[in-house]
Amino acid sequence: MLGLYIHVPFCAKICDYCDFHAFSAPEWLQLEYLDLVSREMSAFADSHPGAFSRVETLYIGGGTPSVLSEEALARLFAIIADCGVDFRALKEATMEFNPESCDEGRVSVALGSGITRASLGLQTLRGDLLRRVGRQHDVATGMSALELLTSRKGLRVNADLMFDLPGQTLGDMLADVDWLTDRPLGHVSFYGLKVDPTRRLGRRIARGEESVDEDLYAEMYLRGVEMLEKKGFLRYETSNFARKGEESLHNLNYWQRGEYLAFGPSAHGFFEGVRFSLPERYAPWREYVKNGCPESALSLDTVDPEDEVAELIQLSLRTKYGMPLETLKNKGYAIAPEAIERWVSRGYLECVQGVIRLVGEGWLFMDSVVLDLYANCAIYSNLE
Ligand code: SF4
């Protein structure tokens with residue numbers, strides 16, 4: 001399956017923990033960005049005729065795509081369609097919204113242009129916690145945005161919830177999950193705060209002005225998952241939970257090593273066996289587009305068979321579907337049985353009918369399990 005990702009690098013305000021490429025931008029810069037995206041996508045369409053007509057999922061992320069004005073959004077959708085994407089044929093078209101810019105007008109433009117799924121950056125329903133991490137919106141705005149999105153017919157809705165925020169108790173987190181899972185939405189992304197020491201929040205923590213209880217991380221994740229699942233939102237990826245049939249097809253494609261095109265500063269893609277990254281900052285990306293999008297300005301990584309095996313283990317184990325050992329064998333590789341057994345005996349992994357999957361607290365130790373399995377993976381004939 002071929003996906004299409006477009007990165008909109010603008011936000012109303014930069015959150016204190018954010019490590020994405022995003023900044024606040026005046027209207028003229030938004031217009032310049034649209035012109036550049038249009039040129040970038042057209043250059044790709046010219047060099048890869050017919051590629052855009054094969055796109056099956058679209059994801060407009062950021063940043064905050066919903067900070068674009070209604071006119072700018074309409075222009076972005078027109079650019080995508082002009083390049084050959086057939087919105088009526090898409091299996092899924094997602095756009096990210098933040099509560100402060102999620103209004104009737106923008107939602108109508110998005111729906112009218114073919115968006116079928118909205119992802120809302122709600123994060124928490126505690127106003128003091130939103131302020132402590134520097135979010136722009138307040139609780140009332142978050143709730144109204146969610147109500148607006150879930151009231152629109154034909155629109156599938158995800159909400160992001162964060163846990164292990166500074167000052168957040170287990171009870172606060174469970175109250176968030178409880179409230180949210182009573183709303184008519186189909187998907188929740190539930191992820192722990194990552195503190196980057198170079199960002200405002202990280203610096204406040206380093207100065208002792210703020211603190212995060214890291215010991216609560218594991219308990220919050222496990223208790224949050226328990227409540228999500230009890231309320232019908234089943235984990236299909238380490239941080240993603242969906243009611244039946246509400247999984248994100250676009251994101252599943254990433255984890256299943258499907259191809260996806262990517263445009264906009266700092267976007268990453270995977271196409272024709274090559275992983276690529278666009279220039280990370282806005283100014284170098286603008287130069288790249290103005291120079292006609294030369295491949296030499298991209299960071300390129302051709303996926304060789306060994307990389308493929310590493311990706312397969314890493315990405316498959318993120319999901320509930322796990323990894324069939326046969327898939328590795330077909331590529332000429334196998335994991336030493338004693339390595340699998342080591343994690344199975346600890347209750348972190350299961351191996352059922354030749355498929356390995358994380359279970360229980362194994363989800364918390366995903367990185368260690370993946371690294372160990374990969375370290376014990378070898379060319380099949382060497383293990384016989
Ligand atoms: S809204 Fe998201 S992308 Fe924008 S600053 Fe906050 S965390 Fe970063």
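The structure under discussion appears in the preceding block.
These notes cover the structure that comes with them. Since this is a predicted model, take the numbers as computed values, not measurements.

Before going further, it helps to examine the overall build of the protein chain. In terms of regular secondary structure, the protein chain is built from 15 helices and 17 strands. Taken against the 2.2 N^0.38 rule, which gives 21 Å for 384 residues, the C-alpha radius of gyration of the protein chain at 21 Å falls within 12% of a compact globule. If one aligns the C-alpha atoms of the protein chain with their principal axes, the spans along those axes are about 60 × 50 × 45 Å. Classification of the 384 residues of the protein chain by burial places 53% in the buried group.

Counted according to the given criterion, the structure contains 21 aromatic pairs. Residues Y33 and W285 carry aromatic rings whose centres are separated by 5.8 Å and whose planes lie at 40° to one another, so their mutual orientation is tilted. One end of the pair, Y33, is in helix α1 (residues 27-47); the other, W285, is in helix α10 (residues 282-290), and 252 residues separate them in sequence. With respect to class, Y33 is no different from W285; both count as buried. By way of ring pairs, the aromatic residues F10, F23, Y33, Y282 and W285 are connected into one cluster. Here R183 stacks its cationic end above the ring of W179, 4.2 Å away from the centre of that ring.

Let us look at helix α2 (residues 70-82). In a regular helix each residue adds 1.5 Å, so 13 residues correspond to 18 Å; α2 covers 18 Å between its end C-alpha atoms and thus fits that length. The set of residues buried in α2 consists of A72, L73, L76, F77, I79 and I80. For α2, the arc enclosing every buried residue in end-on projection is 155°, short of the 170-degree limit, so these residues lie on one face. Exposed and oriented more than 90 degrees from the buried face of α2 are E71 and D82. Summarising the contacts, the buried residues of α2 are in contact with β1 (2-8), α1, β2 (55-62), β3 (92-97) and α3 (104-113). G84, located one to two residues past α2, shows a positive phi value of around 115°.

By size, the foremost hydrophobic cluster in this structure holds 104 residues, and its most contacted members are L4, I80 and L373. Looking at this core element by element, the count peaks at seven residues for α1. The residues contacting I80, other than those within four sequence positions of it, are L4, I6, M41, L58, I60, V85 and F87. The next biggest cluster of nonpolar side chains, apart from the first, holds ten residues, and it includes Y17, C18, L193 and V212.

What follows is about the pattern of salt bridges. Scanning all chains against the criterion turns up 26 salt bridges. Linking R152 and E104 is a salt bridge whose minimum nitrogen-to-oxygen distance equals 2.8 Å. Highlighted residues: R152 in the loop between α5 (139-150) and β5 (156-163) and E104 in helix α3, separated in sequence by 48 residues. Overall, the relative accessible area of 22% leaves R152 in the partly exposed class. Its relative accessible area of 47% is what places E104 among the partly exposed residues.

For the rest of this paragraph, the subject is the pairing of strand β4 (residues 117-123). Among the seven residues in β4, seven count as buried, and that is most of the element. Burial of β4 is two-sided: the residues R117, S119, G121 and Q123 facing one way and the residues A118, L120 and L122 facing the other way are all buried. Bridge analysis of β3 against β4 gives four bridges, and the strand direction is parallel. By the bridge assignment for β4, M95 is matched with A118.

Turning our attention to the site of the ligand. What surrounds the ligand is the set C11, K13, I14, C15, Y17, C18, F20, G63, T64, N98 and R135. Tallied by class, residues from the shell around the ligand come to six nonpolar, three polar and two charged.

Conventions adopted
Residues numbered from 1 in each chain as written. Predicted model: local features only at pLDDT ≥ 70, side-chain atom pairs only at ≥ 80, totals over all residues. Heavy atoms only, no water. Helix = DSSP H or I, 4+ residues; strand = E, 2+ residues; numbered from the N terminus. Rg over C-alpha atoms; globule rule 2.2 N^0.38 Å. Buried < 20%, exposed > 50% of the residue type's maximum accessible area, 1.4 Å probe, protein only. Phe/Tyr/Trp six-rings, centres within 6.5 Å; stacked < 30°, edge-to-face > 60°. Lys NZ or Arg CZ within 6 Å of the ring centre and 35° of its normal. Expected span 1.5 Å × (residues − 1). Arc of directions from axis to C-beta. Contact = heavy atoms within 4.5 Å. Core = buried A, V, L, I, M, F, W, Y, C linked by side-chain atoms within 4.5 Å. Salt bridge = Lys/Arg side-chain N within 4 Å of Asp/Glu carboxyl O. Pairing = 2+ DSSP bridges. Near = heavy atom within 4 Å. Nonpolar A, V, L, I, M, F, W, Y, C, P; charged D, E, K, R; others polar.

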